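# Inside the fold
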Amino acid sequence: MTPRRPAPPADLAPLAAARFDAAAARHLLSRAGFGGTPAQVDALAAMGLDRAVDLVVRYGDQPAKPVSPDDFDRDLIPPLTREEREQLQRARRERDEATVERLERKENQTKAEDRRQLQSMREWWIARMIETARPLEEKMTLFWHGHFATGARTIEDSWLMFQQNQLFRTHATGNFATLALHVIRDPAMIKYLDNDDSRRGRPNENLARELLELFVLGEGSGYTEQDIKEGARALTGYTVEGEEFTFREANHDGGPKTILGQRGNWNGDDLVRIALGRVACSRFICGKLYRYFVNDVPEGDLPPDHAAARAAFIDAMAAELRANQYELAPVLGKLFRSAHFHDASNRASVIKGPAQLVVQTVRQLGTPPRQLSSLTAACELMGQDLFQPPNVKGWDGGRSWINTSTLFVRQNVAIYLLTGKRPGMYDWENDSARFDADALVAGGGAGVGAGANAGNDPSPEALVDRLLAVTLATSAHPSRREELVRFASQQTSPGARADRTLSTLALITALPEYQLA
Amino acid sequence: MHDPSTFSRRVFIRQGVMLASFAASLPHFIQESAMGMLAPEGNALGSRPGVPDERILVVVQLSGGNDGLNAVIPYGDAEYHNARPGLALGEPGKAKNGGAALELDKDRGIGLHPNLTGLKELHDQGKLCVVAGVGYPNPNRSHFASMDIWQCGRPEGKGTGWLGRYVDAACNGSPAADMAVSVGRTAPLALMGVQSKPVAFESADLFRWLGADAGGAMDAEYQRMARAGQLAGVEAGSQESFLMRTALDAQVTSDRIRAAVKKQPLVPYPGSALAKQLQTVAAMIRDGMKTRVYYVSMGGFDTHANQPGSHGNLMRQLGDALLAFQKDLAAQGNDGRVVTMCFSEFGRRVRQNASNGTDHGTAGPVFVLGPAVQPGLRGTYPSLTDLDGGDLKFTTDFRGVYQELLGKWMRAPTDAVLGGTYDAPGLIRG
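Residues numbered from 1 in each chain as written. Chains lettered and ligands numbered in written order. Predicted model: local features only at pLDDT ≥ 70, side-chain atom pairs only at ≥ 80, totals over all residues. Heavy atoms only, no water.

## Describing the overall build of chain A
The line we're drawing: What counts as a helix is a DSSP run of H or I of at least four residues, what counts as a strand is a run of E of at least two, and both are numbered from the N terminus. Both definitions apply: the radius of gyration is a C-alpha atom measure, and the globule rule equals 2.2 Å times residues to the power 0.38. Contacts are residue-level and defined by heavy atoms, with any inter-residue pair within 4.5 Å sufficient. Note on areas: Shrake-Rupley, 1.4 Å probe, and residue coverage restricted to the protein chains presented here.
Counting its secondary structure elements, chain A contains 25 helices and four strands. Against the 2.2 N^0.38 benchmark of 24 Å for 517 residues, chain A shows a C-alpha radius of gyration of 25 Å, consistent with a compact globule. Projected onto its principal axes, the C-alpha coordinates of chain A cover approximately 80 × 60 × 40 Å. Within chain A, contacts between residues separated by at least 24 positions form 74% of all contacts whose residues are at least 6 apart in sequence. Of the roughly 20,400 Å² of accessible surface on chain A, 49% is carried by carbon and sulfur atoms.

Written as structure tokens, this is what we have:
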């Protein structure tokens, strides 16, 4: 038995500057972003802890491809107007088949166009994750998409999903309170949770319920059914006109309400403000950030002292978030500097989400990005259909990503990225761009394994050590190394020798350990 | 001196110790069946903990909205012919618009689509139950939304799937990897539980690592590493442990499924995609897999224009595939433990449209097949004149169908899965 690892520190104390080595820089780049090449890792390590974390978290100075509201078509084909919908209903009643058919054809055409635009948005977003110089921006945008989960199929308006995506990007590491106030005005969210159907006298509870349960407080954090009912009244009148938010005073219930023990003529903004006043809110958000960035091993599987250190660390994050009036960047900065985050027990402790897996394989190994449509299709097969989370709870993440079916897809998408070959009959495009695996071995970027003296024709040991070091989140198990070295040393025929690096790398990406960031 | 309980306790401890030492390198479900062998004899039918018997449910999803009125035809209703001058099929023996219905229920004047000869044959053998007018309140005419509702088993169409919740409940929170299998591109929401996730593959040959196909001599090396399970020194409960064990599960499941589908089926199957999927399911059942729920699907039912040809082809493919499947199960001797249910997200409007097609509607028929079904037409055929905005009013709540399949057939408690109790349409015998 190996001795159990000691528990990580229970506070936000930073890592000793001298301990920020290349492995720590790789860890930072892999968690706060989508990983990087050995050269990028080395550059980051050379900056030292403080500058490296600032570069990642305070990304405002980094170049970014601007996003314009016109990047996608707002009025693809205008959906049926209110008059047309009424006309359609009348025509159905009166059995006016010609009119019914004309309007339904129009509606179906609109929906098909909209699905096409949604697909181009998926590809656009994956490309952005692959190309961005601000990886944390995209990573937090993805976090908020899963947190404030909204499904494109329900609202059937891709442009609103695009607006919401950009909202998450704008406030990615900004102020959570500001973001939450924008979310209750976000047309996609309002439509998804039926708040456009909520008015004085007959409030719809959907948005208020999910706001307390899933967005700001968390289930079982002390709010009551009555708080939801009163919260729903507060949110009446927050609705959508066309594709824009509007507050309809006439539909708003301006009467007195008691929410979480506070009485007043509250509106939706007050509901958010009152909920954010609860300590539970900061703990809830920090707990989710922790599982996303630090460690998603289920509580029950942690040794008790590790579980206690985790709880204390999340509390410390929450206190920091409150002290900063819900500004996220300072908390993320402390998180990524902390000795807790860099502790050995928090390496290789997060399971890569599907988008992370795909984007990290491209960014870290330097493969061609291949066909974006194939990458988004693979994400869907792995359980992360972008813009279509399974429900309002978003993706559960962690171990729920992994099952017998998704594991094979994960391995096979790596094969696709490495070789460009469409594995079997997956609905993916062949791609002839060549990936030079040997560049990973020969290229610069010391500090990650035995590559320095690898030269042009490294020994099997040097080859395997180098590939493991640039690929896995932590050092490989000795028996894995042994297996791979034996494999590499057996590739002696001229053809096999030429493919030795690529095939060894392909085997590493098929290891269960490759799923860990 | 000879105390049997002491003896069995000692055996248990000894075997338990053995199991514990192997546990780390065994896939989850092999471990569980090894545990199952230790169960007292009286429980012999339960091959695995949490699995009360070996009954199987197969679900066939018809995507796009099957035209129920032309699948289960109210030929005796003048309004049917009136509303569908270009689509209505004739009464048995009297072809109209290219076909005559096959008799299903003469007293009620209801027949099957002329191309559903496969289902007609099963009907004549007492192996077909047709539930008329199945739907739900406040029907949604969006394909996705309505399919979500059917798959969730909840009118709000959100959350986990009805079969996923069944598997969760049946397995007491630790479902084996292969309790539910879907043959299709993505795993359907219906099979997604909180704990349970289905095995899903489009073709059995794809349900594996495909790296070796890309060239190189990697397969043997891959197999060694994937089958290693949890390596020595890896902490229990860690991510590595979880992933190594799941990788071993995946490998063993993949081996099992690929070996199962290699055998030639006992009866010939037609060439349609649905037939291929059902052939794969039959092969897995024949191989003795412990899977309790199988899920397959067939698309193309969104027949807005020129319906007769395309819908006729779909009916032919559906009936022929289901017939071959039933014959295969019978030849295997497995038909008595399999019930197949076939549904679509909605039916279509009563009145045909101007393109000789039909638009999205509401309630539709559900087919239930197997020797265990109560044969014939069940439920009330919806009125063609008492409509809701041109659409049928449902007469059987779809959750009643689920309730009987899960409760009466699979012998599972249904209240928690379905969130209530519904009228049973009476589709299972006894």
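## Observations concerning the interface of chain A and chain B
Inclusion rule: Accessible area that two parts lose when put together, evaluated with a 1.4 Å probe and summed over both, is termed the buried area. Whenever Lys or Arg places a side-chain nitrogen within 4 Å of a carboxyl oxygen from Asp or Glu, that contact is recorded as a salt bridge. N or O atoms within 3.5 Å of each other form a polar contact, as long as, within protein, one can give a hydrogen and the other can take it, and as long as residues adjacent in sequence are counted only when both atoms are side-chain atoms.
Contacts between chain A and chain B engage 62 residues on the former and 57 residues on the latter. Buried area between chain A and chain B, summed over both chains or domains, comes out near 5,200 Å², and the portion from carbon and sulfur atoms is 60%. The three residues of chain A that bury the most area against chain B are Glu 97, Thr 404 and Phe 408 of chain A, which together make up 12% of that side's buried surface. Scanning the region where chain A abuts chain B turns up two salt bridges. With a closest N to O distance of 3.5 Å, Glu 104 of chain A and Arg 349 of chain B form a salt bridge. Viewed at the interface, chain B and chain A are joined by 14 residue pairs in polar contact (both at pLDDT 80 or more). Counting residues per element, the ones that place at least two in the side of chain A that touches chain B are α5 (97-131), α19 (372-381), α20 (404-419), α23 (478-490) and α25 (500-509) of chain A.

## Looking at the pairing of strand β10 (residues 364-369) of chain B
All names here are of chain B. Cut-off, in case you're wondering: To sort residues, take the accessible area from a 1.4 Å probe on protein chains only and compare it with the maximum for the residue type: under 20% means buried, over 50% means exposed, and anything in between is partly exposed. Between any two strands, at least two bridges found by DSSP are needed for them to pair.
In terms of burial, β10 is largely enclosed, as six of its six residues are buried. Across five bridges, the pairing between strand β5 (residues 128-135) and β10 is antiparallel. Residue pairing for β10: Val 134 is matched across the bridge by Gly 364. For strand β9 (residues 338-344) and β10, the ladder comprises three bridges, and the chain directions are antiparallel. Bridged to Cys 342 within β10 is Phe 367.

## Structural notes on the confidence of the model for chain B
All names here are of chain B. In plain terms, the rule: Each residue carries a pLDDT score, the predictor's own confidence in it, on a scale running from 0 to 100.
Of all residues in chain B, 87% attain a pLDDT of 70 or more, and the chain-wide mean is 87. Confidence drops under pLDDT 50 across residues 1-24; counting only partners more than four residues distant or on other chains, this segment forms eleven contacts. Here residues 29-52 scores under 50 on pLDDT; set against residues more than four positions off or in separate chains, the count is 36 contacts. Interface confidence in the predicted complex, given as ipTM, is 0.93; pTM for the same model is 0.84.

## A closer look at empty space enclosed by the protein
Which parts of space are left empty comes out when a probe the size of a water molecule is rolled across the atoms. The following threshold applies: Any residue with an atom within 4 Å of a point lines the site, the site being either a cavity, points on a 1 Å grid over the protein atoms alone where a 1.4 Å probe fits but cannot get out, or a pocket, an open set with protein on both sides within 12 Å along at least 5 of 7 lines. Grid points are joined across faces, edges and corners, and a volume is the space filled by probe spheres set on the points. Amino acid classes used here: Ala, Val, Leu, Ile, Met, Phe, Trp, Tyr, Cys and Pro are nonpolar; Asp, Glu, Lys and Arg are charged; the rest, including Gly, are polar.
Scanning the entire structure with this criterion turns up four cavities of 30 Å³ or more. As for the largest cavity, its lining consists of 14 residues, and the residues nearest its centre are Arg 92 and Arg 95 of chain A together with Arg 349, Arg 351 and Gly 390 of chain B. Looking at the lining of the largest cavity, the elements that each hand over two or more residues are α4 (82-93) and α5 of chain A together with α4 (78-83) of chain B. Residues that form the lining of the largest cavity fall into these classes: six nonpolar, two polar and six charged. For the second largest cavity, the calculated volume is near 70 Å³. Around the second largest cavity sit 14 residues that line it, and Gly 68, Gly 364, Pro 365, Tyr 381 and Leu 392 of chain B are the ones nearest its centre. Looking at the lining of the second largest cavity, the elements that each hand over two or more residues are α3 (68-71), β5 and β10 of chain B. Its residues assigned to classes, the lining of the second largest cavity comprises eight nonpolar, four polar and two charged.

## Some remarks on the layout of surface pockets
Reported here for the second largest pocket is a volume of approximately 780 Å³. Arg 5 of chain A together with Val 234, Glu 235, Ser 238 and Glu 240 of chain B are the residues nearest the centre of the second largest pocket, which is lined by 39 residues in total. Listing elements by their share of the lining of the second largest pocket, those giving two or more residues are α15 (304-323) of chain A together with α9 (239-262) of chain B.

## Concerning a positive patch on the surface
The condition is simple: Patch members must show over 30% relative accessible area and no salt bridge, and they are joined within 9 Å when carrying like charges or within 5 Å when they are nonpolar side chains of Val, Leu, Ile, Met, Phe, Trp or Tyr. The positive count covers Lys and Arg only, the negative count covers Asp and Glu only, and His and the chain ends enter neither. For charged residues, the charge sits on one atom: NZ in Lys, CZ in Arg, CG in Asp, CD in Glu.
A grouping of Arg 82, Arg 85, Arg 199 and Arg 202 of chain A is seen on the molecular surface, where their side chains present a positively charged patch. Looking at the secondary structure, you find Arg 85 of chain A in helix α4.

## A closer look at a negative patch on the surface
On the surface, Asp 70, Asp 71, Asp 73 and Asp 75 of chain A cluster together into a negatively charged patch. On the secondary structure map, Asp 71 of chain A appears in the loop between α3 (49-57) and α4.

## Observations concerning the sheet that holds strand β2 (residues 72-73) of chain B
Residue and element names in this part refer to chain B. Where we set the bar: In this analysis an axis means a line fitted to C-alpha atoms, helices contributing only their contacting stretch, and an angle means the value between N-to-C directions, from 0 to 180 degrees.
Taking strand neighbours across the sheet as the criterion, the three strands line up as β2-β4-β3 in an open arrangement whose pairing is antiparallel. On the outer flanks of this sheet lie β2 and β3 (102-105), each paired with one strand and no other. The pairing of β2 with strand β4 (residues 110-112) spans two bridges and is antiparallel. The residue of β4 that forms the bridge with Ile 73 is Gly 111. In the packing of helix α5 (residues 117-124) onto the sheet, contacts are made with β3 and β4, and the angle to β3 comes to roughly 45°.

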